[in-house]
Amino acid sequence: MLKNNKGITLIALVITIIVLLILAGVSIAMLTGNNGILSQATNATSQTQVSAAEEAIKLAVANIITENQGTPSGGYTKALFDASVAKVNTDYTFETTQTTPSTDDITVVVKTKDSSAKTIGTWTVDRDTGAVSKNS
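Nothing here was measured: the structure is a model prediction, and the numbers come from that model.

Draft legend 1. Spotlight on the overall build of the chain. The helix and strand inventory of the chain stands at three helices and four strands. Shown N-terminal to C-terminal, the secondary structure of the chain runs as helices and strands in the order α-α-α-β-β-β-β. A globule of 136 residues ought to have a C-alpha radius of gyration of about 14 Å, yet the chain, at 28 Å, is considerably larger. Seen along its three principal axes, the alpha-carbon backbone of the chain occupies a region of about 105 × 25 × 25 Å. Within the chain, buried positions represent 24% of all 136 residues. Contacts in the chain between residues far apart in sequence, at least 24 positions, make up 36% of those at least 6 positions apart. Only carbon and sulfur atoms are counted for the fraction: they give 60% of the accessible area of the chain, which is about 9,200 Å². Between the averaged position of the 10 positive side-chain charges in the chain and that of its 11 negative side-chain charges there is a distance of 18 Å.

Pasting the structure below:
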């Protein structure tokens, strides 16, 4: 007489569990590995902050050019830059230094405005041309 077996066998259950464990392992590795989704998201956030800060600096320089109808006669000074960046400032704090306005370039350190005050980067604004370059 033939038995009428209904349901799954123990072997089928073990194979299913093994497949699920392999899928879980692959998913966790893709999420948290060195080149995982979380690492890529963190890198993208950092790159976005650097680009946004540099864009704000360039916008401040462009604002100086617009207000002076060209390159300012005395060159780009810390006072001009500070006044201009106050108009275009987004989510960052700009710390500017210029030892001698008549000869030195402006150094700009950009930090986040949140409680961590994380440094995003340092840029130099050329005193004569207004060219913006990122320092390493």
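Now, onward.
Draft legend 2. Broad picture of helix H2 (residues 37-67). The end-to-end C-alpha distance of H2 is 44 Å, a good match for the 45 Å that 31 residues give at a rise of 1.5 Å each. By the burial criterion, the buried members of H2 are Ala53, Ala56, Ile57, Ala60, Val61, Asn63 and Ile64. Those residues of H2 that are buried lie in contact with helix H3 (78-88), strand E1 (92-97), strand E2 (106-112), strand E3 (119-125) and strand E4 (132-134). After H2 finishes, the residue glutamine 69 shows a positive phi value of roughly 50 degrees.

Calculation notes
- Residues numbered from 1 in each chain as written.
- Predicted model: local features only at pLDDT ≥ 70, side-chain atom pairs only at ≥ 80, totals over all residues.
- Heavy atoms only, no water.
- Helix = DSSP H or I, 4+ residues; strand = E, 2+ residues; numbered from the N terminus.
- Rg over C-alpha atoms; globule rule 2.2 N^0.38 Å.
- Buried < 20%, exposed > 50% of the residue type's maximum accessible area, 1.4 Å probe, protein only.
- Contact = heavy atoms within 4.5 Å.
- Areas by Shrake-Rupley, 256 points an atom, 1.4 Å probe, with all protein chains shown as cover.
- Lys, Arg positive; Asp, Glu negative; His and termini not counted.
- Charge placed at Lys NZ, Arg CZ, Asp CG, Glu CD.
- Expected span 1.5 Å × (residues − 1).

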